Amino acid sequence: LRESTPVRYDENRQCWDVFLYEDVDAILRNHDLFSSERKRTVEHDDILTMDPPRHNHMRNLVSKVFSPKAMQNQETKIRELANDLLSQVLDQGHMNMIHDLAAPLPVIIIAEMLGVPKEDRLIFKEWSDTVVKGVSGDSQEEYEAVAAEHKRVNQELTQYFLSMMAKRRQEPQADLITSLLHAEIDGEKLTDKEIVDFCILLLVAGNETTTNLITHGIRVLTEQPELQSTLKQDPALIPSFVEETLRYYSPVLGQARIAKQDAEIRGQQIRQGDTVTVWLAAANRDPRKFAKPDRFKVDRSPNPHLSFGKGIHFCLGAPLARLEARIAFETILGRMANLCLKEGTNLVINPAPFLYGVHEYPI
Ligand code: HEM
């Protein structure tokens with residue numbers, strides 16, 4: 001597709017597809033022409049689907065609370081949790097990578113950061129799984145069923161966060177919900193709805209993506225087992241292993257934008273109001289940008305992959321996702337040897353349309 005139709009219109013989905021790195025990068029940077037204010041299944045008003053000037057205001061407020069430094073403070077907690085999760089399965093000699101480690105790790109960390117009590121962690125996992133569940137086919141019935149489920153979960157989450165906010169107003173704690181209640185710029189604070197929508201977005205944007213990143217890394221280590229000893233001998237390579245995993249198996253396949261004016265890309269006429277999907281995963285394997293793109297090069301440098309997006313919407317949780325993945329790989333490699341995929345396993349790709357992950361990864 002990169003070669004034959006780098007920019008094409010898909011009649012079924014009624015949207016444009018863009019596959020080349022140069023074009024994807026340019027569209028993501030050009031937020032004046034390509035808007036993020038797109039429709040979603042649930043009436044949501046979060047930072048991801050805002051344009052400037054509202055986006056700047058919101059981003060300034062939440063980045064204060066969600067700073068890379070605040071996330072660095074999580075390192076000890078993440079390491080303890082990764083070790084705890086592994087200890088529960090290590091003796092049995094086999095594990096289900098997603099169920100036993102890659103899924104619970106990001107959910108528990110984000111829930112703790114928000115201030116969710118331990119006993120509610122499991123409900124959180126269920127909620128966030130439902131919210132990201134996509135529609136796999138074209139059937140209107142399926143679409144409506146998924147939309148109805150989203151709506152229910154959304155209402156439950158909204159109630160949950162509103163009642164947590166009421167509690168934190170009475171008794172502030174050292175958690176994200178309390179910081180969001182107090183965050184202020186030029187005397188302006190976030191509204192209750194903005195806080196709720198932001199909390200829900202953290203679950204939606206941060207959980208399945210990070211689960212998939214961790215699982216993809218283990219997948220690479222089992223597909224190319226010689227990398228296990230390379231990383232054990234030289235753990236300083238793990239951060240670049242994380243980056244190459246992000247490039248090679250991009251957890252977010254693509255993003256949608258809406259053209260605010262008519263535009264032309266590679267001779268194709270895009271009309272105002274058209275939806276344009278930029279395919280991050282295709283850009284990440286573009287040979288014009290990456291030498292031997294289909295080869296996993298553990299020390300690839302530079303590695304300007306687009307897996308966390310580009311421009312004003314660049315992933316706010318990137319430092320956290322990188323930290324969680326690095327610690328997960330350090331912990332696994334430090335305590336386990338000769339990882340291999342369980343014999344006879346059929347890899348099943350999840351049906352979520354824009355997220356890339358496998359259904360199970362037993363090792
Ligand atoms: C935005 C990917 C983890 C929170 C984005 C975007 C991408 C992305 C591609 C840009 C979307 C766009 O341009 O429309 C990923 C990947 C992750 C990950 C691949 C894991 C490997 C996380 C985590 C969190 C998070 C752990 C928080 C807990 C956000 C937020 C935004 C965002 C709040 C919106 C930023 C804005 O609109 O200004 N992410 N993400 N993400 N991500 Fe992530």
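Structure shown above.
A short tour of the structure in this document, coming up. (Residues numbered from 1 in each chain as written. Predicted model: local features only at pLDDT ≥ 70, side-chain atom pairs only at ≥ 80, totals over all residues. Heavy atoms only, no water.)

So, the site of the ligand
Taken together, 28 residues are adjacent to the ligand, and H55, R59, R257, H313 and C315 come closest. A distance of 2.7 Å is found between an oxygen atom of the ligand and a side-chain nitrogen or oxygen belonging to H55. The separation between an oxygen atom of the ligand and a polar side-chain atom of R59 is 2.7 Å. Sorting the residues of the shell around the ligand by element identifies α2 (54-65), α10 (192-223) and β6 (254-259) as the ones contributing at least two each. When residues of the shell around the ligand are assigned to their parent elements, the largest contribution, seven residues, is made by α10. The residue makeup of the shell around the ligand, split by class, is 16 nonpolar, nine polar and three charged. (Near = heavy atom within 4 Å. Polar contact = N/O pair within 3.5 Å; in protein donor to acceptor, adjacent residues only side chain to side chain. Helix = DSSP H or I, 4+ residues; strand = E, 2+ residues; numbered from the N terminus. Nonpolar A, V, L, I, M, F, W, Y, C, P; charged D, E, K, R; others polar.)

Focus: the coordination of the iron atom of the ligand
When only protein atoms are considered, the iron atom of the ligand has one donor, C315 (SG), at a distance of 2.3 Å. Considering the arrangement of structural elements, one finds C315 in the loop between α13 (280-283) and α14 (318-335). (Donors = N, O, S within 2.8 Å, 3.2 Å for Na, K, Ca; no water.)

Comments concerning α10
Taking 1.5 Å of rise per residue, 32 residues should cover 46 Å, and α10 covers 47 Å from first to last C-alpha, within 8% of that figure. Within α10, 27 of the 32 residues are buried, which leaves the element mostly enclosed by the surrounding structure. (Expected span 1.5 Å × (residues − 1). Buried < 20%, exposed > 50% of the residue type's maximum accessible area, 1.4 Å probe, protein only.)

Some remarks on the packing of aromatic side chains
Note on aromatic pairs: each is described by the distance of the centres and the angle between the planes. In the structure shown here, the tally under the stated rule is 14 aromatic pairs. For the pair F124 and Y160, a centre-to-centre distance of 5.3 Å together with 75 degrees between the ring planes defines the contact as edge-to-face. Pair noted here: F124 is in helix α7 (residues 121-132) and Y160 is in helix α8 (residues 140-170), with a separation of 36 residues, a long-range link. Since its relative accessible area comes to 0%, F124 is described here as buried. The structure contains a cluster of three or more aromatic residues connected by ring pairs, namely F241, Y248, Y249, F296, F329 and Y356. Above the face of the Y249 ring, R219 is positioned so that its terminal group lies 4.1 Å from the ring centre. Over the ring of Y248 we find R285; its NZ or CZ atom is 4.2 Å from the centre of that ring. (Phe/Tyr/Trp six-rings, centres within 6.5 Å; stacked < 30°, edge-to-face > 60°. Lys NZ or Arg CZ within 6 Å of the ring centre and 35° of its normal.)

Some points on the nonpolar core
In terms of nonpolar packing, the biggest core is built from 87 residues, with F66, L101, L114, F161 and F241 touching the most fellow members. Residue contributions to this core peak at 14 residues, all from α10. Look past the residues within four positions of L101 in its chain and what remains in contact with it is A82, L85, L86, M95, N96, I214, A328 and I332. With 22 residues, the next largest nonpolar core counts Y21, L33, V252 and L280 among its residues. (Core = buried A, V, L, I, M, F, W, Y, C linked by side-chain atoms within 4.5 Å. Contact = heavy atoms within 4.5 Å.)

Thoughts on the pattern of salt bridges
For the structure shown, the criterion picks out 27 salt bridges. Between D10 and R13 there is a salt bridge, with its nearest N and O atoms 2.8 Å apart. Since its relative accessible area comes to 15%, D10 is described here as buried. Note that D17 is salt-bridged to R13, the shortest N-O span being 2.9 Å. Overall, the relative accessible area of 0% leaves D17 in the buried class. (Salt bridge = Lys/Arg side-chain N within 4 Å of Asp/Glu carboxyl O.)

Looking at the packing of α10 against helix α11 (residues 226-233)
Viewed as axis vectors pointing N to C, α10 and α11 meet at an angle of 110 degrees, and their least axial separation amounts to 6 Å. One way to sum up the angle between α10 and α11 is to call them roughly perpendicular. Packed against α10, whose contacting residues are V220, L221 and T222, the element α11 presents L227, Q228 and L231 at the interface. Of the residues belonging to the contact of α10 with α11, the class tally is four nonpolar, two polar and no charged. (Axes fitted to C-alpha atoms, helices over the stretch in contact; angles between N-to-C directions. Parallel < 35°, antiparallel > 145°, perpendicular 65-115°, else oblique.)

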